[in-house]
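Remarks on the overall topology
Read off the chains here:
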Amino acid sequence: MKKTSTRLADGRELLYYDRRDDTVRDAADKRPLPTVSTASEIRPDRLLGDSVIVASHRQDRTYHPPPDECPLCPSRDGRHTEIPADDYDVVVFENRFPSLTGDAGRCEVVCFTSDHDASFADLTEGQAALVLDAWTDRSAELAQHPGVEQVFCFENRGREIGVTLGHPHGQIYAYPFATPRTAAMFRSLAAHRERTGGRNLFDDVVDGELADGRRIVLAGDHWTAFVPYAAHWPYEVHLYPNRRVPDLPALDDAARTEFPQLYLELLRRFDRIFGEGEPPTPYISAWHQAPLSAQDRGDFALHLELFTIRRTSGKLKFLAGSESGMNVFINDVPPEAAAERLREVASK
């Protein structure tokens, strides 16, 4: 992998990640961009003990442009985009409309490929491995930024999820705090350790799924994918490295090598869940990494959670009264049935 850093016309950082070491990246951003002006604010909720990000400037972000005006495609034929080069492998750049700014964190966009009409599932294993390298590099570098407490790499795919740009891409949020979801995991981790005389909750969850077997979707030499026992979403898969590590930079070479094969297979199965002729399955894919200053961060297990809000053909799972009002999920698809379906649609 070769990494090249440059700046866009308004001063934002852009990074090229290339598979070839001899690739030269010297194209300049020729757009007359004004300096980025943002108004991001983090407000604590005194009742719930979490935080809300207020970012009014995001109301003006680009919204479903036609393909020939996509800002994530390469700059070609006199049309200048966010990526000055006329082609690329993987690109990461500071978001022009960030939710987090300055001392309050950082938001980045990750473009998986220059092919506007592709999806992550269309990538080769080599391309997917380069995306993993980019996630890892950004996780390590953002961890060094003052004030950053947790790095979150994720992908939203599909209009139903709320995606405003169709080009295959994800994002990285560098939070100045540990997220509420992660804090809840640490509370469960501590309680389990106390209750079991020192056992690790993540290890016991994975071992329990392997012993049960009914919810296992894929099992490689270095990764295990399963539908969790108490899945919140109609089709939800958790992917764990078999050797517990707290974050992406801690993965060993064997796990890095196997990851693209298993992850691409999971994504391709997601697109086949609802049968032929169905539109691509909307999903969220989210990496859970340990907060940087957590005292027991070595007990945390890096894992990826992949889920869709589509519950059946043509129908979505909406977060209504119980879910949105009280955070109590109701799942219409039994996890065992979801796992069975994901095994049925395996690649031939």
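Refer to the preceding data block for the structure.
Residues numbered from 1 in each chain as written. Predicted model: local features only at pLDDT ≥ 70, side-chain atom pairs only at ≥ 80, totals over all residues. Heavy atoms only, no water.

**Notes on the overall build of the chain**
What counts is decided by this rule: Helix and strand definitions here come from DSSP, where helices need a minimum of 4 consecutive H or I residues and strands a minimum of 2 consecutive E residues; each element is numbered from the N-terminal end. The quantity called the radius of gyration is restricted to C-alpha atoms. Its globule counterpart is 2.2 Å times the number of residues to the power 0.38. Every residue pair with non-hydrogen atoms within 4.5 Å of one another is taken to be in contact. Computed with the Shrake-Rupley method and a 1.4 Å probe, the accessible areas treat only the protein chains shown as cover for residues. In summary, the charge assignment counts Lys and Arg as positive and Asp and Glu as negative, without counting His or the chain termini. In plain terms, the charge of a residue is placed at NZ if it is Lys, CZ if Arg, CG if Asp and CD if Glu.
Across its full length, the chain carries six helices and 15 strands. Compactness check: the chain gives a C-alpha radius of gyration of 20 Å against a globular reference of 20 Å for 348 residues, within 12% of the reference. Its C-alpha atoms put the chain at 60 × 50 × 45 Å along the principal axes. At a minimum sequence separation of 6, the contacts of the chain that also span at least 24 residues come to 63%. Accessible surface computed for the chain: about 16,700 Å², of which carbon and sulfur atoms make up 48%. Both charge centroids of the chain, one from 41 positive and one from 55 negative side chains, sit 2 Å from each other.

**Let's talk about the packing of aromatic side chains**
Threshold: What counts as a ring pair is set by centres within 6.5 Å for rings of Phe, Tyr and Trp (its six-membered ring), and what kind of pair is set by the plane angle: stacked under 30 degrees, edge-to-face over 60, tilted for all other angles. For the exposure calls, accessible area comes from a 1.4 Å probe over protein chains only, and a residue counts as buried if that area is under 20% of its type's maximum, exposed if over 50%, partly exposed in between.
In total, this model carries 21 aromatic pairs according to the counting rule given. With centroids separated by 4.6 Å and ring planes inclined at 15°, the aromatic side chains of Phe152 and Phe154 adopt a geometry described as stacked. Centre to centre, the rings of Tyr175 and Phe177 are 5.4 Å apart; their planes meet at 35°, and the pair counts as tilted. Residue classification places Tyr175 among the buried positions, given a relative accessible area of 12%. Clustering of aromatic rings is evident, with ring pairs tying together Phe112, Phe120, Trp135, Trp223, Phe259, Tyr263 and Trp287.

**A few points about the pairing of strand β1 (residues 2–7)**
What counts, and what does not: A pair of strands counts as paired when DSSP detects no fewer than two bridges linking them.
As defined by bridge partners, β1 adjoins strand β2 (residues 13–18) across six bridges and the pair is classed as antiparallel. Within the sheet, the bridge partner assigned to Thr6 lies in β2 and is Leu14. As consecutive antiparallel partners, β1 and β2 are separated by five residues, and within that stretch Gly11 has a phi angle of approximately 95°, a positive value.

**Focus on the environment of Gln150**
For the record, the criterion: Any pair of N or O atoms that falls within 3.5 Å is considered a polar contact. Within protein, one atom must be able to donate a hydrogen and the other to accept it, and sequence-neighbouring residues count only if both atoms are side-chain atoms.
Within the fold, Gln150 resides in strand β7 (residues 150–157). For the pair Gln150 and Ser139, spaced 11 residues apart in sequence, the C-alpha to C-alpha distance is 8.9 Å. Beyond its immediate chain neighbours, meaning those up to four positions away, Gln150 contacts Tyr173, Ala174, Tyr175, Phe177, Ala178, Thr179, Thr182, Gln289, Pro291 and Leu292. Here the side chain of Gln150 touches Thr179 through a polar contact of 2.9 Å, landing on its backbone nitrogen.

**A closer look at the packing of helix α1 (residues 125–142) against helix α4 (residues 253–270)**
Condition: Angles here are taken between N-to-C directions and fall from 0 to 180 degrees, while the axes themselves are lines fitted to C-alpha atoms, restricted in helices to the stretch in contact. Take the far helix as the reference: if the near one is turned anticlockwise from it by less than a right angle, the crossing is left-handed, and if turned clockwise, right-handed. All amino acids are sorted into three groups, where Ala, Val, Leu, Ile, Met, Phe, Trp, Tyr, Cys and Pro are nonpolar, Asp, Glu, Lys and Arg are charged, and the leftover types, Gly among them, are polar.
Packing of α1 against α4 leaves a shortest axis separation of 9 Å and a crossing angle of 115°. α1 and α4 meet at a crossing whose hand is right-handed. Across the interface between the two elements, Glu125, Ala128, Ala129, Leu132, Trp135 and Thr136 of α1 pack against Arg256, Phe259, Pro260, Gln261, Tyr263 and Leu264 of α4. Grouping the amino acids of the contact of α1 with α4 by side-chain chemistry returns eight nonpolar, two polar and two charged.

**Let's talk about unusual backbone geometry**
Even without being a glycine, Asp77 presents a positive backbone phi close to 50°. Examined against the element boundaries, Asp77 turns out to sit in the loop between β4 (51–55) and β5 (90–94). When its relative accessible area of 83% is taken as the criterion, Asp77 is described as exposed. For Asn327, which is not glycine, the phi dihedral falls at a positive 60°.

**A closer look at α4**
What counts is decided by this rule: Take the residue count of a helix, subtract one, and multiply by 1.5 Å to get its expected span. Throughout, bend refers to the angle between the axes fitted to the seven residues that end at a position and the seven residues that start at it.
Compared with an ideal rise of 1.5 Å per residue, which puts 18 residues at 26 Å, α4 spans 27 Å between its outermost C-alpha atoms and is within 8% of the ideal. Within α4, the axis deviates most sharply at Phe259, by approximately 35°, and proline Pro260 lies no more than four positions further along.

**A word on the sheet that holds β2**
Reading across the sheet, the 11 strands line up as β1-β2-β5-β6-β8-β7-β12-β13-β11-β10-β9 and stay open at both edges, with antiparallel pairing between neighbours. Pairing within the sheet leaves two strands with one partner each, and these edge strands are β1 and β9 (216–219). Between one strand and the next, the sheet's axes are offset by a mean angle of 20°, whatever the strand orientation. Sheet analysis places β5 next to strand β6 (residues 106–111), joined by four bridges and oriented antiparallel. Looking at β6, one finds that Glu94 is bridged to Glu108. Relative to the sheet, helix α3 (residues 201–212) contacts β9, β10 (223–226), β11 (235–241) and β13 (303–308), its axis offset from that of β10 by approximately 70°. Contacts from helix α6 (residues 335–344) reach β9 and β11, with the element oriented near 45° to β9.

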